[in-house]
Amino acid sequence: MTMSVRVALRYGIFMAISLIAYFLIVRLFDLHENPWLRLLNGVVMVAGISLAIKHYKLIDAEGLSYINGIKIGILTGFTATIIFTIFMAIYMFHIDPEFTQTILEDWLRNYDSGAGVLVFIIFLEGMGSSVVLSLALMQFFKKSYQKQQKK
């Protein structure tokens, strides 16, 4: 396993644990049905992907190309997303099935959809934000063209 994959997996697992802990804390205060609190999931994603790229840059500054940085960011986000999606599927199907009913109350009446749709939406949101955040964060971590020409 390459160093970049190890860094991405380590930070992806850390991000997933953070997302799960945040959800459980919000659930503890019975605020888990408030969609606005999901915005802090984005903060966790930004922090995790940023720290993963920064960590790899500290280990191998010369090996951090733009493409490598994006790969690390995407793999980090995908790892966290897959783990968090599995957790949410277990939570919604086995621990608190009423949570899904509450979140999708209007949608369920109109489209007869269930928890599977919500799990799929969580998965897509995580994958999409991983790609977008990786591309955006690499703008800060990439080597600038002028610095490369001075060498």
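Every value quoted in this text rests on a predicted model; they were computed, and no experiment measured them.

Criteria and thresholds
Residues numbered from 1 in each chain as written. Predicted model: local features only at pLDDT ≥ 70, side-chain atom pairs only at ≥ 80, totals over all residues. Heavy atoms only, no water. Helix = DSSP H or I, 4+ residues; strand = E, 2+ residues; numbered from the N terminus. Buried < 20%, exposed > 50% of the residue type's maximum accessible area, 1.4 Å probe, protein only. Areas by Shrake-Rupley, 256 points an atom, 1.4 Å probe, with all protein chains shown as cover. 1 Å grid on protein atoms, 1.4 Å probe; cavity = no way out; pocket = protein on both sides within 12 Å on 5 of 7 lines; lining within 4 Å. Points joined across faces, edges and corners; volume = space filled by probe spheres on them. Nonpolar A, V, L, I, M, F, W, Y, C, P; charged D, E, K, R; others polar. Patch = residues over 30% accessible without salt bridge, like charges linked within 9 Å, V, L, I, M, F, W, Y side chains within 5 Å. Salt bridge = Lys/Arg side-chain N within 4 Å of Asp/Glu carboxyl O. Core = buried A, V, L, I, M, F, W, Y, C linked by side-chain atoms within 4.5 Å. Contact = heavy atoms within 4.5 Å. Axes fitted to C-alpha atoms, helices over the stretch in contact; angles between N-to-C directions. Parallel < 35°, antiparallel > 145°, perpendicular 65-115°, else oblique. Left-handed = near helix turned anticlockwise from the far one by under 90°.

### Considering the overall build of the protein chain
- Of the regular secondary structure elements, the protein chain holds seven helices and zero strands.
- Ordering the α and β elements of the protein chain from the N terminus gives α-α-α-α-α-α-α.
- For the protein chain, buried positions account for 38% of its 151 residues.
- Carbon together with sulfur atoms contributes 67% to the accessible area of the protein chain, which is approximately 9400 Å² in total.

### Concerning the layout of surface pockets
- Taken as a whole, the largest pocket spans an internal volume of roughly 600 Å³.
- Lining the largest pocket are 26 residues, with Arg38, Asn41, Phe84, Ile122 and Glu125 sitting closest to its centre.
- Within the residue set of the lining of the largest pocket, elements represented by two or more residues are α1 (3-28), α2 (39-59), α3 (66-95), α4 (97-103) and α6 (115-141).
- By residue number, the principal contributor to the lining of the largest pocket is α6, which donates six residues.
- A per-class count over the lining of the largest pocket returns 16 nonpolar, seven polar and three charged.

### Thoughts on a nonpolar patch on the surface
- Side chains of Ile25, Leu28, Phe29 and Leu31 sit close together on the surface and give an oily, nonpolar patch of about 460 Å² of accessible area.
- Relative to the helices and strands, Phe29 is located in the loop between α1 and α2.
- Given the relative accessible area of 58%, Phe29 is considered exposed.

### With respect to the nonpolar core
- Judged by nonpolar contacts, the single largest core of 32 residues is most densely connected at Phe23, Ile53, Ile72, Phe84, Met88 and Met92.
- Sorting the residues of this core by element identifies α1, α2, α3 and α6 as the ones contributing at least two each.
- Here this core takes nine residues from α3, the largest share from any one element.
- Ignoring sequence-local partners within four residues, the contact set of Phe84 consists of Ala16, Leu19, Ile20, Phe23 and Ile122.

### Some details on the packing of α2 against α3
- Between α2 and α3, the least distance of the axes is 9 Å, while the angle of their chain directions is 135 degrees. Accordingly, the angle class assigned to the pair α2 and α3 is oblique. Judged by the twist between their axes, the crossing of α2 over α3 is right-handed. Here Met45, Gly48, Ile49, Ala52, Ile53 and Tyr56 of α2 lie close against α3, whose contacting residues are Gly69, Ile72, Gly73, Thr76, Gly77 and Thr81.
- Taken together, the residues of the contact of α2 with α3 sort by class into six nonpolar, six polar and no charged.

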